[in-house]
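Residue-level structure breakdown
What follows is the residue order along each chain.
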Amino acid sequence: MTALRGLAVQCVDLGYRAEAVQLGEACVEYGRNLYNPRAIAYYEATLANAAAQDDDRRLATKHLAMSETAIGKPAAAGGDSGPPTTPPDAGHTGPA
C-alpha cells in the first residue's frame, strides 16, 4: 500500500494531477478495510493533497476532514505503530 501512496505523491510532483487523484482514491478505498486510524488518515490526506493539486477544492476539503476524523480516533489495541491491519475478526468464518 505504501507503494501505491508513493505513486500518488510522485504523480502530484510530476504534474499528473488526474492520475494522482485516481491513485489517492485507490488508497482511500484500500483504507476502508483497515482497522488503523493513523493509516486511514494518511491515505485520506494523500487524496486531499492530490485533489488540491488538481484544483478540486470540494474533494480536497472533504478528504482533509475525513483525515482529521480518522486521526482523532483511538489507536487499535496495542497501538498502531506497525503496518496497517485489518479488524481482529476479519476473515473469521467460524462460530463466534
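What comes next concerns the included structure. Since the model is a prediction, treat every value here as computed from it, not as a measurement.

1. Remarks on the nonpolar core
Counting residues in each nonpolar core, the largest one holds 12 residues, listed as Ala8, Cys11, Val12, Ala20, Val21, Leu23, Val28, Leu47, Ala50, Ala51, Leu59 and Ala60. Put simply, the parts of the chain that give this core at least two residues each are helix H1 (2–14), helix H2 (17–31), helix H3 (37–53) and helix H4 (57–71). Examining the composition of this core, we find that 4 residues originate from one element, H2, more than from any other. Sequence-distant contacts of cysteine 11, that is, excluding residues within four places in its chain, are made with Tyr16, Arg17, Glu19, Ala20 and Leu23.

2. So, the pattern of salt bridges
Evaluation of the coordinates by the stated rule reveals 2 salt bridges. In this structure, aspartate 55 engages arginine 17 in a salt bridge whose closest nitrogen and oxygen atoms are separated by 3.8 Å. Here the residue aspartate 55 occupies a position in the loop between H3 and H4, and arginine 17 occupies one in helix H2, the gap between them amounting to 38 residues. The exposure class assigned to aspartate 55 is exposed, which follows from its relative accessible area of 64%.

What counts, and where the lines are drawn
- Residues numbered from 1 in each chain as written.
- Predicted model: local features only at pLDDT ≥ 70, side-chain atom pairs only at ≥ 80, totals over all residues.
- Heavy atoms only, no water.
- Core = buried A, V, L, I, M, F, W, Y, C linked by side-chain atoms within 4.5 Å.
- Buried < 20%, exposed > 50% of the residue type's maximum accessible area, 1.4 Å probe, protein only.
- Helix = DSSP H or I, 4+ residues; strand = E, 2+ residues; numbered from the N terminus.
- Contact = heavy atoms within 4.5 Å.
- Salt bridge = Lys/Arg side-chain N within 4 Å of Asp/Glu carboxyl O.

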